[in-house]
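This is what each chain is made of:
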Amino acid sequence: MTQPRKVHVKSFGCQMNVYDSHRMADTLLPAGFAETASPADADLVILNTCNIREKAADKVYSEIGRMRELKHAAAADGRKMMIAVAGCVAQAEGQEILRRAGAVDLVVGSQNYHRLPDMIARAENGERVIDTEFPVEDKFEALAPPAREQIAKRGVSAFVTVQEGCDKFCTFCVVPYTRGAEISRPVEHIAAEVARLAAAGVREVTLIGQNVNGYHGNDAEGRTATLGLLLRRLARVPGILRLRYTTSHPRDMNDELIAAHAELPELMPYVHLPVQSGSDRILAAMNRKHTRTDYLELIARMRAARPDLAFTSDFIVGFPGETEDDLQDTLALLREVGFAGAFSFAYSPRPGTPAADMDSQVPPEVATDRLHRLQAEILRLQGNFNAQFQGRTLEVLLEKPGRLPGQLVGKTPYLQTVQLMAPPAIIGSLVKVAITDIGSNTLFGVLAESTTMSALETAGA
Ligand code: SF4
């Protein structure tokens, strides 16, 4: 019997890339490649790149340099190792990667992963292969489904891409250029994938997409379904205890989705809703297509439907033309919403985006100072949010062992991490946890008396 060859997939960037990396590994398994955690003993290394952050391409070229050393070491051992570059940098740089990096054997764009087995076969024959076209066929359905053991290894909480691409064209963002126009997978294809995950032990599914609440896939009758309707369908999949989705655009938060928050117990009371700025002037320059008032009214409507909804967000400070007054508007909005947390960044230009050519770029030291002040406020609000749970009991999905012996780690409905002592047999259970202590990023607790026995009995512990 021939030994399976080994593939190492290294993910950069967001959860969508992590999902894509899993699906690439799933697709290469029937082609004879088993996954390995070590690039040094891989026959194929795939760098699944992201170009959201500054100098993304430079970082990819230095990573290729590291892989080139491993490739030379493998050759010295009489072994052939191939290097593939995938993801958004591959999509954006294309042929340039093959020109600059002689060690790279193939370049695959973000819509073409299903063609990898064929591309690898060509690369093995000495061809340097590139495929960054936006294909007509459906990548998701052409990718091999994950094997049961693969799913089990990845844990009880899984991500499923339901939508890709973006038509919003925020002036700072590269996504519409690298991931293309919005496309949505059909409802029943997603339901089948979620059912397969649930049958292998997954209990929580997070639906992901660059603009996930713009979802508009076909249902079984060929009608267009919204994300709210998709969530209702997935809540009926046996074994699925929790549903989440990310990342949303305020413009696409429609009544059906808000009603789903009010009515679906499986849909967790947590929404990541990027606002980027609290200043109408900056929001217009960013082409965000919503105002500060639109955003605040939306938060109020959603809280009316589900009063305990926790919100997190994304912020960019130092956008071209931003003044101290604009920053004050952002800080005021932050306090008015009372976010449970947020990601925040100092603006840096992305080549090819309209904002990169705007006048009045903010000096980096000013942007950095604003970022520090914004982050201090975010941390204060996050502390306030977490502090309200001291002494309360929360439902926690136990996900994995913790770092200490006997410790488990789980998530609250509001996506906070909880650490507690409990037997590993109950990983995958929903348990009640009494919160005893609050850390900066983690809650600590003990199994609540009422659920201890039932959880242990269910697990046969
Ligand atoms: S909505 Fe999000 S993904 Fe789309 S262009 Fe704006 S920031 Fe980029």
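Structure: above.
Conventions adopted
- Every chain is numbered independently, its residues counted from 1 as its sequence is written.
- In keeping with the model being predicted, local features are shown solely for residues with a pLDDT of at least 70 and side-chain atom pairs are shown and tallied solely at 80 or more, while totals for entire chains, interfaces and linings include all residues.
- As a convention, hydrogens and water are excluded, and side-chain values are obtained from all of the structure's heavy atoms.
- Each helix is a run of H or I in the DSSP string that is no shorter than four residues. Each strand is a run of E no shorter than two, and both are numbered from the N terminus.
- Put simply, the radius of gyration uses C-alpha atoms, and a globule should come to 2.2 Å times the residue count raised to 0.38.
- Only protein chains enter the accessibility calculation, which uses a 1.4 Å probe; a residue is then buried when its area is under 20% of its type maximum, exposed when over 50%, and partly exposed in between.
- We call two residues in contact whenever any of their non-hydrogen atoms come within 4.5 Å of each other.
- Areas reported here follow the Shrake-Rupley algorithm with a probe of radius 1.4 Å; residue values treat only the protein chains shown as occluding.
- Positive: Lys, Arg. Negative: Asp, Glu. His and the chain ends are not part of the count.
- The atom standing in for a charge is NZ when the residue is Lys, CZ when it is Arg, CG when it is Asp and CD when it is Glu.
- Strand pairing follows a simple DSSP-based rule, namely that at least 2 bridges must link the two strands.
- With axes taken as lines fitted to C-alpha atoms, and helix axes fitted only over the stretch in contact, angles between N-to-C directions fall between 0 and 180 degrees.
- In protein, a polar contact means a hydrogen-donor-capable atom and an acceptor-capable atom, both N or O and within 3.5 Å, with residues adjacent in sequence counting only if both atoms are side-chain atoms; elsewhere, any N or O pair within 3.5 Å suffices.
- Put simply, a salt bridge is a Lys or Arg side-chain nitrogen that is within 4 Å of an Asp or Glu carboxyl oxygen.
- To obtain the arc, one takes the directions from the helix axis to the C-beta atoms.
- Helix span is expected to be 1.5 Å times the residue number reduced by one.

1. Points about the overall build of the protein
- A count of helical and extended segments in the protein gives 16 helices and 21 strands.
- At 23 Å, the protein has a C-alpha radius of gyration in line with the 23 Å of a compact globule built from 461 residues.
- In terms of principal-axis extent, the alpha carbons of the protein reach across some 65 × 60 × 50 Å.
- Residues counted as buried form 53% of the 461 residues belonging to the protein.
- At a minimum sequence separation of 6, the contacts of the protein that also span at least 24 residues come to 72%.
- Put simply, the protein shows about 19,800 Å² of open surface, and 54% of that area lies on carbon and sulfur atoms.
- For the protein, the centre of its 50 positive side-chain charges and the centre of its 56 negative side-chain charges are spaced 3 Å apart.

2. A few points about the sheet that holds strand β13 (residues 242–246)
- What the 3 strands build is an open sheet, ordered β7-β10-β13; its pairing is parallel. Only two strands of the sheet have a single partner each, and these edge strands are β7 (157–161) and β13. With direction set aside, neighbouring strand axes in the sheet form an average angle of 25°.
- Two elements, strand β10 (residues 204–208) and β13, share 5 bridges in a ladder whose sense is parallel. Its bridge partner lying in β13, T206 is registered against R244.
- Across the sheet, helix α9 (residues 187–199) touches β7 and β10, and the angle it forms with β7 is around 165°.

3. Looking at the side chain of T36
- Structurally, T36 is set in the loop between β2 (33–35) and β3 (44–49).
- Here S38 takes part through its backbone nitrogen, which lies 3.1 Å from a polar atom of the side chain of T36.

4. A few points about the pattern of salt bridges
- Counted according to the given criterion, the structure contains 34 salt bridges.
- The partner of E63 in a salt bridge is R66, with the nearest N and O atoms 2.6 Å apart. You can see E63 and its partner R66 sitting in helix α2 (residues 56–76), 3 residues apart, about one turn around the helix.
- Between R122 and E127 there is a salt bridge, with its nearest N and O atoms 2.9 Å apart.
- A residue is classified by how much of its surface remains accessible, and R122, at 33% relative accessible area, is partly exposed.
- Taking the relative accessible area as the measure of exposure, E127 reaches 36% and is therefore partly exposed.
- Connected via shared salt-bridge partners are K10, E63 and R66.

5. A word on the pairing of strand β21 (residues 442–447)
- Where strand β19 (residues 417–421) lies against β21, 3 bridges are found, and the strand directions are parallel. What sits directly across from T417, in β21, is T442.
- Where strand β20 (residues 430–438) and β21 come together, 5 bridges link them in antiparallel fashion. Bridging across to β21, A434 finds its partner in V446.
- Here β20 folds back onto β21, and the loop between the two strands holds 3 residues.

6. What about the environment of R370?
- With respect to the element layout, R370 can be found in helix α15 (residues 364–387).
- Assessed through its relative accessible area of 7%, R370 is described here as buried.
- Placed 24 residues apart in sequence, R370 and A346 show a C-alpha to C-alpha distance of 8.1 Å.
- In contact with R370, not counting residues within four places along its chain, are V317, E322, T323, E324, L327 and V362.

7. Quick word on helix α10 (residues 227–235)
- Turning to α10, its buried residues are L227, G228, L230, L231, L234 and A235. Looking down the long axis of α10, one finds its buried residues gathered within 160° of arc, a one-sided arrangement.

8. A short note on α9
- In a regular helix each residue adds 1.5 Å, so 13 residues correspond to 18 Å; α9 covers 18 Å between its end C-alpha atoms and thus fits that length.
- Taken as a whole, α9 has its buried residues at V187, I190, A191, E193, V194, L197 and A198. Buried residues of α9 fall within an arc of 165° about the axis and therefore sit on the same side.
- G201 lies just past α9 and shows a positive phi near 110°.

9. Observations regarding the packing of α10 against helix α11 (residues 255–263)
- Running from N to C, α10 and α11 point in directions that differ by 35°, and their axes come no closer than 7 Å. Judged by residue contacts, L227, G228, L229, L231 and R232 of α10 engage E256, L257, A259, A260 and E263 from α11.

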